[in-house]
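Inside the fold
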Amino acid sequence: GSIMNAIIALVGFFWLRRTRASRPARWFFCWLLATISLLQATGYLMFSGLGGVGDWAVVVAGLPGDGLWRGALAVAGGVSYWLAVRYSMQVIGSRLTSPAPQRAREAYGYTMLAYFAGGALGLVGGLFDPNAAAILLISGVAASLGGTSGLLWGPQLLRNPAFVSPSDPLAPMPRSVPWIVIGAIAALIHIFVLGPGLHLS
């Protein structure tokens, strides 16, 4: 799963570089897709290493010195998560127009709603899984709320004037009915199709 997250993050940043600031809704979608995918990929390493659960914990289970491997996963995940947050905040910070002290507040206008909406969808989607209690703890709380926590504290980095210099600022983002409809459809699929799980056999 985290390998696929990393691939999606690369694709998202690739699209992002080819999206003009004059298309703010599309630009923000690409940034959010890439950022959340990158945070999930790196945060999952740390989660598996510290908690001893999840895909990567299974990978290292049974290896000689598996405790050291778990420690390495946790360190690699923590460092890569920090770097992922820094990079993502540099990318969005370069598109904001406010001076440094207010730039964090402007960034929160983009990240806060995304964080809480994503967390709510993760929790609600988990309720429909047959193993709801375990899914809510591992996927809903840990992945949705913990894995994307960089959206909550990351904008604080933008208070530093030396952190990033603005260039090619985003155009004002009006309310977009097509994006709202697409988001609503994706949310319904997440809750009612992916939430209960796909049974292919």
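Residues numbered from 1 in each chain as written. Predicted model: local features only at pLDDT ≥ 70, side-chain atom pairs only at ≥ 80, totals over all residues. Heavy atoms only, no water.

**Overview of the packing of helix α2 (residues 24-51) against helix α4 (residues 66-93)**
- One can describe the packing of α2 onto α4 by two numbers: an axis separation of 6 Å at closest approach and a directional angle of 160°. By the angle between their axes, α2 is roughly antiparallel relative to α4. In terms of crossing hand, the pair formed by α2 and α4 is left-handed.
- Of the residues assigned to the contact of α2 with α4, the class counts are 15 nonpolar, ten polar and one charged. (Axes fitted to C-alpha atoms, helices over the stretch in contact; angles between N-to-C directions. Helix = DSSP H or I, 4+ residues; strand = E, 2+ residues; numbered from the N terminus. Parallel < 35°, antiparallel > 145°, perpendicular 65-115°, else oblique. Left-handed = near helix turned anticlockwise from the far one by under 90°. Nonpolar A, V, L, I, M, F, W, Y, C, P; charged D, E, K, R; others polar.)

**What to know about the confidence of the model for the protein chain**
- Mean pLDDT over the protein chain: 86, with 90% of residues reaching 70 or higher.
- Within the protein chain, helix α7 (residues 150-153) carries the highest mean pLDDT (96), whereas helix α6 (residues 132-146) carries the lowest (64). (pLDDT = per-residue confidence, 0-100.)

**Quick look at a nonpolar patch on the surface**
- There is a patch of nonpolar side chains on the surface, built from Val124, Leu127, Phe128, Val177, Val181, Ile185, Leu188, Ile189, Phe192, Val193 and Leu194 and spanning about 980 Å² of accessible area.
- Those elements giving two or more residues to the nonpolar patch turn out to be α5 (100-127) and α8 (177-194).
- The dominant element in the nonpolar patch, judged by the number of residues it contributes, is α8, at eight residues.
- Its place among the elements puts Phe128 in the loop between α5 and α6.
- Look at Phe128 and you get partly exposed, because its relative accessible area is 38%. (Patch = residues over 30% accessible without salt bridge, like charges linked within 9 Å, V, L, I, M, F, W, Y side chains within 5 Å. Areas by Shrake-Rupley, 256 points an atom, 1.4 Å probe, with all protein chains shown as cover. Salt bridge = Lys/Arg side-chain N within 4 Å of Asp/Glu carboxyl O. Buried < 20%, exposed > 50% of the residue type's maximum accessible area, 1.4 Å probe, protein only.)

**Section: the environment of Met173**
- Inspection of the secondary structure puts Met173 in the loop between α7 and α8.
- The exposure class of Met173 is partly exposed, given its relative accessible area of 35%.
- Along the backbone, Met173 and Phe28 are 145 residues apart, and their C-alpha atoms lie at a distance of 9.3 Å.

**Looking at the packing of aromatic side chains**
- For the coordinates displayed, the defined rule picks out eight aromatic pairs.
- Geometrically, the ring pair formed by Phe13 and Tyr87 is edge-to-face, given 5.1 Å between the ring centres and 70° between the ring planes. Taken together, the positions of Phe13 in helix α1 (residues 2-17) and Tyr87 in helix α4 put the pair 74 residues apart, joining distant regions of the chain.
- Residue Phe13 is classed as buried on the basis of its relative accessible area of 12%.
- By relative accessible area, which is 40% here, Tyr87 ends up partly exposed.
- With a centroid separation of 6.0 Å and 20° between ring planes, the pair formed by Phe28 and Trp31 is classed as stacked. Separated by three residues within a single helix, Phe28 and Trp31 lie in helix α2, roughly one turn from each other. (Phe/Tyr/Trp six-rings, centres within 6.5 Å; stacked < 30°, edge-to-face > 60°.)

**Digging into the pattern of salt bridges**
- Within this structure, the stated rule accounts for one salt bridge.
- Note that Asp168 and Arg95 form a salt bridge whose closest N and O atoms lie 3.2 Å from each other. You can see Asp168 sitting in the loop between α7 and α8 and its partner Arg95 sitting in the loop between α4 and α5, a full 73 residues away along the chain.
- With a relative accessible area of 16%, Arg95 lands in the buried category.

**Regarding the nonpolar core**
- Judged by nonpolar contacts, the single largest core of 29 residues is most densely connected at Leu16, Trp27, Trp31, Met89 and Ile92.
- Those elements giving two or more residues to this core turn out to be α1, α2, α4 and α5.
- Here the element with the most residues in this core is α2; it accounts for eight residues. (Core = buried A, V, L, I, M, F, W, Y, C linked by side-chain atoms within 4.5 Å.)

**Overview of the packing of α5 against α8**
- In contact at an axis separation of 7 Å, α5 and α8 are set at 35° when each is read in the N-to-C sense. Contacts from Leu121, Gly122, Val124 and Gly125 of α5 reach α8 at Ala187, His190 and Ile191.
- Considered class by class, the residues forming the contact of α5 with α8 number four nonpolar, three polar and no charged. (Contact = heavy atoms within 4.5 Å.)

**Details of the side chain of Ser98**
- Position of Ser98 relative to the elements: it lies in the loop between α4 and α5.
- You can call Ser98 buried: its relative accessible area is 18%.
- Only 2.6 Å separates the side chain of Ser98 from the side chain of Glu106, close enough to count as a polar contact.
- When near neighbours in sequence (up to four residues on either side) are disregarded, Ser98 contacts Arg103 and Glu106. (Polar contact = N/O pair within 3.5 Å; in protein donor to acceptor, adjacent residues only side chain to side chain.)

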